[in-house]
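Residues per chain are reported as follows:
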Amino acid sequence: MRVTIVGCGYVGEALARLLGAQPQSHLTLTTTREQRRAELESLGNRVLVLKASDAPALQQALESADAAVLCMAPGGDRQVDAGVYAATYRSSITTVLELLPELPQLKQIVYTSSCGVYGDAAGGWVDECSPVVPRDAHAEVLVESERLLAQARSDQRRVCVLRLGAIYGPGRDLSRRFQALAGTTRPGDGQNHSHWIHRDDVAGAMAAALAGAWDQTVNVVDDQPWRVADLLDRICAAEELPPVHWSGPSADAPSLPDRRISNRRLHSLGYPLLHPTAHYG
Ligand SMILES: NC(=O)c1ccc[n+]([C@@H]2O[C@H](COP(=O)([O-])OP(=O)(O)OC[C@H]3O[C@@H](n4cnc5c(N)ncnc54)[C@H](OP(=O)(O)O)[C@@H]3O)[C@@H](O)[C@H]2O)c1
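Residues numbered from 1 in each chain as written. Predicted model: local features only at pLDDT ≥ 70, side-chain atom pairs only at ≥ 80, totals over all residues. Heavy atoms only, no water.

Undergrad: Help me understand the layout of surface pockets, please; the structure alone is not making it clear to me.
TA: A probe as big as a water molecule, rolled over the atoms, marks out the empty space that is left. Estimates place the volume of the second largest pocket at around 150 Å³. Residue lining of the second largest pocket: Val132, Val143, Glu146, Arg147, Ala150, Arg153, Val159, Val161, Arg163 and Thr217, and that is the complete set. Looking at the lining of the second largest pocket, the elements with two or more residues in it are α5 (137-150) and β7 (158-164). The greatest single-element share of the lining of the second largest pocket, amounting to 4 residues, is contributed by α5. Taken together, the residues that form the lining of the second largest pocket break down as 5 nonpolar, 1 polar and 4 charged. (1 Å grid on protein atoms, 1.4 Å probe; cavity = no way out; pocket = protein on both sides within 12 Å on 5 of 7 lines; lining within 4 Å. Points joined across faces, edges and corners; volume = space filled by probe spheres on them. Helix = DSSP H or I, 4+ residues; strand = E, 2+ residues; numbered from the N terminus. Nonpolar A, V, L, I, M, F, W, Y, C, P; charged D, E, K, R; others polar.)

Structure below.
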């Protein structure tokens, strides 16, 4: 299978390693930075330096692909403002849509969205059939991107949207990320649920989507939603650090959506999680 990975960053690289180990895969990988070319060349057959909003460059990347995996992101795991977010996702997906008439061989698009599209459910369960309720400008961009990309679906072309939980793994481990909060007082009560997925399960689910020709939206989260306060308690205890304190519910505390996100569809599609619960030690 000829696959183009648009935005070969943290999870794109993991997917490239997985697919590269399969015989007969032909990989085109993209980055926005010339200085990453050398490291990516060892993972794929072709590396292109481009922004996905550059139509001629993107066409070159996709012109012989059977499948495109869109996992571009602005800023890695750093938060960027909603304008930059919109510029990356909206312009990239709009460009893909414009190019589709020239890409009759492209049979599948896999896109990494986020569970951030779900709104509050007072701690109840939500699944892929639940309404999306963007709570901020970032989530609005994600919802709009999913809606735009749905236009690419046809009798000849499948579209799979993977709604990812927060990604952790090598280089992005949970302990290091949260240690700085030890001993501090945080707003709210920390009782809302967080959802995690290991990088290798993101790559595994993307590979399964390609191999299984998935044509739907699938939540990609592990089996255990964590209340934020519980997770931080465990991390601080494991690292022998003072616990995080919570200021308690108040009008000033940000009201975060609380819902538990079901991964039943991921399981029913036969994907076996490598990391069913987040490692924090
Ligand atoms: N991180 C999370 O916890 C999380 C949670 C939910 C969903 N997601 C989604 O998961 C996907 C992958 O995330 P990641 O952590 O692997 O991101 P990442 O490490 O930041 O990689 C992003 C890749 O996109 C490339 N890129 C940036 N702007 C681009 C543009 N305009 N056009 C084309 N490529 C562009 C980057 O180029 P360079 O190689 O030059 O850096 C990089 O290769 C993203 O779609 C993200 O929204 C992530």
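Undergrad: I would appreciate a short explanation of the side chain of threonine 95 in the present structure.
TA: Mapped onto the fold, threonine 95 is located in helix α4 (residues 82-99). Beyond its immediate chain neighbours, meaning those up to four positions away, threonine 95 contacts Ala52, Ser53, Asp54, Ala55 and Leu58. (Contact = heavy atoms within 4.5 Å.)

Undergrad: Just to check I follow, could you spell out the pairing of strand β1 (residues 2-6) for this structure?
TA: On any regular strand, side chains alternate: one points to one face of the sheet, the next to the other face. The element β1 is extensively covered by neighbouring structure, given that 4 of its 5 residues are classed as buried. Where β1 meets strand β2 (residues 26-31), 4 bridges bridge the pair, whose relative direction is parallel. Opposite arginine 2, over in β2, you have histidine 26 as the bridge partner. Note on the crossover from β1 through helix α1 (residues 10-20) to β2: the handedness is right-handed. Here β1 runs beside strand β4 (residues 67-70); their pairing, made up of 4 bridges, is parallel. Its bridge partner being in β4, isoleucine 5 is matched across the sheet by valine 69. (Buried < 20%, exposed > 50% of the residue type's maximum accessible area, 1.4 Å probe, protein only. Pairing = 2+ DSSP bridges. Right-handed = clockwise from strand over helix to strand, strands pointing away.)

Undergrad: What should I look at first to understand α5 in this one?
TA: Along an α-helix, residues three or four apart share an orientation, since each turn contains 3.6 residues. In a regular helix each residue adds 1.5 Å, so 14 residues correspond to 20 Å; α5 covers 20 Å between its end C-alpha atoms and thus fits that length. Those residues of α5 that sit buried are His138, Ala139, Val141, Leu142, Val143, Ser145, Glu146, Leu148 and Leu149. Buried residues along α5 sit in contact with β4, α4, β5 (108-114) and β7. The N-terminus of α5 is capped by aspartate 136, whose side-chain oxygen sits 3.2 Å from the backbone nitrogen of histidine 138. (Expected span 1.5 Å × (residues − 1). Polar contact = N/O pair within 3.5 Å; in protein donor to acceptor, adjacent residues only side chain to side chain.)

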